[in-house]
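Understanding the architecture of this molecule
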Amino acid sequence: MTYETVIGLEIHVQLSTQSKAFCSDSIQFGSAPNTQVSAISLGHPGTLPRLNKQQLDYAIRLALALGSKINLRNTFDRKNYFYADLPKGYQITQDAQPVCVGGEIEVIVEGKPKKIRIHHIHMEEDAGKSMHDSDDPYSYIDLNRAGTPLLEIVTEPDLRSAAEVDALMTTMRQLVRYLNISDGNMQEGSMRCDCNVSIRPLGADYYGNRCEVKNLNSMRYARKAIQYEVQRQIKIVEAGGTVAQQTLNFDPSTGVTTPLRSKEDAHDYRYFPEPDLPPVVLTEAQVAAIKKEMPDLPKEVRQQLVTEYQLSEYNADLLTVEPEPARFFLALAKATTSYDAAANLMINKILPWSKEEGKPLTALPLSYAQLAEFIALIEEGKVSNSIAYQELFSAMLNAPEQSAANLAQVNNWLQSDDEDEMSNWVETAITDFPDKVKAYQSGKKGLIGFFMGEVMKVSKGKADPKKVNQLLRERLG
Amino acid sequence: MKIDDQLISRLENLARLQLSATEKEGLKTDLTNILGMVEKLQKLDVEDVEPLVYLNEAVNRQREDVINNQVDREAALRNAPDQDGTFFRVPKVIDL
């Protein structure tokens, strides 16, 4: 029998606020253990949580981007469970009335668009971190992360393969980065997902029992975990069994999923309204104000690059994967009108520079005006494309205080339009290869390229290719 | 709802309590009485009554996103049953 994989995701996005969800501890990543804590995050009695306004604003921003309905009145609940890295014994989350309901996101899978429906988005807080392996029989707890603001995005079971999960996570990461609400960094745990995986006979209109694979913090692991889980479930069903609904852990070192919660009682979260936090009541005006300040969405920016700046679809894609290059391009496009050249400069020089140096684009020591000058030197034929890209750009990086034109001048990179000098180069190239000249004259016109190359070699790239071409044709006859 | 031994032991487990046989019997009586009262309340007609969740009418107790009020590590760890000066130390638990 052929089976179909059915997957729904719970995506946790850690928000890039300054402080925690319900108290004012810092959430900076990588600080010394237990230094970003307070009476509230430690769960001491007699303390009261207060919602971080920024978390609410970010939730609304995401809802607007996904076309979700915003619950103008939404409330918090307690999710009760025992774990050493959860000091209060409950997690503050939203169960009955989450901040956003519905919505959808379009992903591209194998070149085709597909819409994934969103069930809801809710605000909640993260737990602390446990370290298990350093000193048996103890676990060590760091509560810096306890109380970090999260948004959980719960999708409908609309995904059908690991590739679609990959596409959704990538698109979601791009979106949260454009919205400036999270760095979307999976390695640092800023974005993680739980996958609800089930199988059913292809074409069936019911869902099979689902298993929840927890805490997948990289796309590679998510893909492997799903592949393993699907095979495991098919084997059970083929053998006439029933898949037990359970929570699983994926071990990246073995590639195997194993039950995480052996006691089914642990699933009994006993949700109830959080009495310490009054309801959130929003007005349409507040939502409208956030909408007005919304950054451009990736799809919109991509469209703008294609229609307004006439970039190829390919270049537009490359420049809009991340928000920074897109913003950089839009700023650069204000300094020059050679948009295509600007895109090429970014793709071939500026983005690789950022990657090699491990620095953000904003750290480039050259101004937009300098980059525009670089582009103009090529466009006006003053510096050849190859010299500009191979020599001039690095020279500019090494001496950002000098103008591009000046650097080209002192390094003798300006293209020559001196007719005499050019004629000499052409002459040299021709006299060196009498055989090729004969061949050209007897009809092998393709050899013009060879002579061009020779002239460029002799002139060290300084000859203006247009003029050389013209001179060569005249000279060769 | 019937309060039986099985339910008591499930609650015991959820609340991470270890109860003696006498305590369990006492709890069984108490819970039966409490649920009895709740059952009585459930007979009331509350069709047109909004559920009362919050005891006052305040909404939107929110704060600006600024860092403040942190405590240092020494103070944070001071009241812990066990710690090593950097971390809280607890019996090893992996399975939830």
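First things first, this report covers the structure right here in the doc. (Residues numbered from 1 in each chain as written. Chains lettered and ligands numbered in written order. Predicted model: local features only at pLDDT ≥ 70, side-chain atom pairs only at ≥ 80, totals over all residues. Heavy atoms only, no water.)

**Quick look at the pattern of salt bridges**
Residue and element names in this part refer to chain A. As a reminder of what qualifies: Whenever Lys or Arg places a side-chain nitrogen within 4 Å of a carboxyl oxygen from Asp or Glu, that contact is recorded as a salt bridge. Secondary structure elements are taken from DSSP: a helix is a run of H or I of four residues or more, a strand is a run of E of two residues or more, and numbering for both begins at the N terminus. Each residue's exposure class comes from its accessible area (1.4 Å probe, protein chains only) as a fraction of the maximum for that residue type: buried when under 20%, exposed when over 50%, partly exposed otherwise.
Scanning all chains against the criterion turns up 29 salt bridges over all chains. Arg200 serves as the salt-bridge partner of Glu4, at 2.9 Å between the closest nitrogen and oxygen. Of the two residues, Glu4 is situated in strand 1 (residues 3-14) and Arg200 in strand 13 (residues 191-201); the sequence distance between them amounts to 196 residues. Residue Glu4 shares its accessibility class with Arg200, and that shared class is buried. The residue Asp276 makes a salt bridge to Arg78 at a minimum N-O spacing of 3.3 Å. Note that Asp276 is positioned in the loop between strand 17 (272-273) and strand 18 (280-281) and Arg78 in strand 5 (residues 77-80), a separation of 198 residues in sequence.

**So, the packing of aromatic side chains**
Residues and elements named next belong to chain A. Just so we agree on the cut-off: When two rings of Phe, Tyr or Trp (its six-membered ring) have centres within 6.5 Å they constitute a pair, described as stacked for plane angles under 30 degrees, edge-to-face for angles over 60, and tilted for the intermediate range. To sit over a ring, a charge needs its Lys NZ or Arg CZ within 6 Å of the ring centre and within 35 degrees of the ring normal.
Scanning the model with the defined rule gives 12 aromatic pairs over all chains in all. Summarising the aromatic geometry, the rings of Tyr81 and Tyr269 are spaced 6.0 Å apart at their centres and angled 65° between planes, so their arrangement reads as edge-to-face. Here the residue Tyr81 occupies a position in the loop between strand 5 and strand 6 (90-93), and Tyr269 occupies one in the loop between strand 16 (256-259) and strand 17, the gap between them amounting to 188 residues. Between Phe374 and Phe393, the ring centres sit 5.7 Å apart and the planes meet at 75°, which makes this aromatic pair edge-to-face. With Phe374 in helix 9 (residues 368-379) and Phe393 in helix 10 (residues 385-398), the pair connects residues that are 19 residues apart, well separated along the chain. You can call Phe374 buried: its relative accessible area is 0%. A residue is classified by how much of its surface remains accessible, and Phe393, at 2% relative accessible area, is buried. Among the aromatic residues, those joined into a cluster by ring pairs are Tyr81, Tyr269 and Tyr271. Looking at Arg327, its charged tip hangs above the ring of Tyr178, at a distance of 5.9 Å from the centre. Directly above the aromatic system of Phe450 lies the positively charged group of Lys436, at a separation of 4.4 Å from the ring centroid.

**Here's the deal with the interface of chain A and chain B**
Where we set the bar: Residues are treated as being in contact if the distance between any of their heavy atoms lies within 4.5 Å. When two parts are brought into contact, each loses some accessible area as probed by a 1.4 Å sphere; the total of that loss over both is the buried area. Think of a polar contact as two N or O atoms within 3.5 Å of one another; within protein, one of them needs to be a possible hydrogen donor and the other a possible acceptor, and neighboring residues in sequence only count if both atoms come from side chains. Residue polarity is assigned by list, with Asp, Glu, Lys and Arg as charged and Ala, Val, Leu, Ile, Met, Phe, Trp, Tyr, Cys and Pro as nonpolar; anything else, Gly included, falls into the polar class.
Across the boundary between the two partners, chain A contributes 62 residues, which contact 38 residues of chain B. Both faces considered, chain A and chain B share a buried interface measuring about 4500 Å² in area, 54% of it formed by carbon and sulfur atoms. Across the salt bridge formed by Glu64(B) and Lys53(A), the nearest N and O atoms sit 2.6 Å from each other. Between the two partners, chain A and chain B, sit 25 residue pairs in polar contact (both at pLDDT 80 or more). The set of elements that each furnish at least two residues to the side of chain A that touches chain B consists of strand 2 (51-52), helix 1 (53-66), strand 11 (138-142) and strand 18 of chain A. For the side of chain A that touches chain B, a count of residues per class yields 31 nonpolar, 16 polar and 15 charged.

**A few points about the pairing of strand 16 of chain A**
Residues and elements named next belong to chain A. Selection rule: Between any two strands, at least two bridges found by DSSP are needed for them to pair.
Note that strand 15 (residues 247-251) and strand 16 share 4 bridges and pair antiparallel. Across the sheet, Asn249 pairs through a bridge with Thr258, a residue of strand 16. Following strand 15, the chain reverses through 4 residues before pairing antiparallel with strand 16; Gly255 in that reversal takes a positive phi of roughly 75°.

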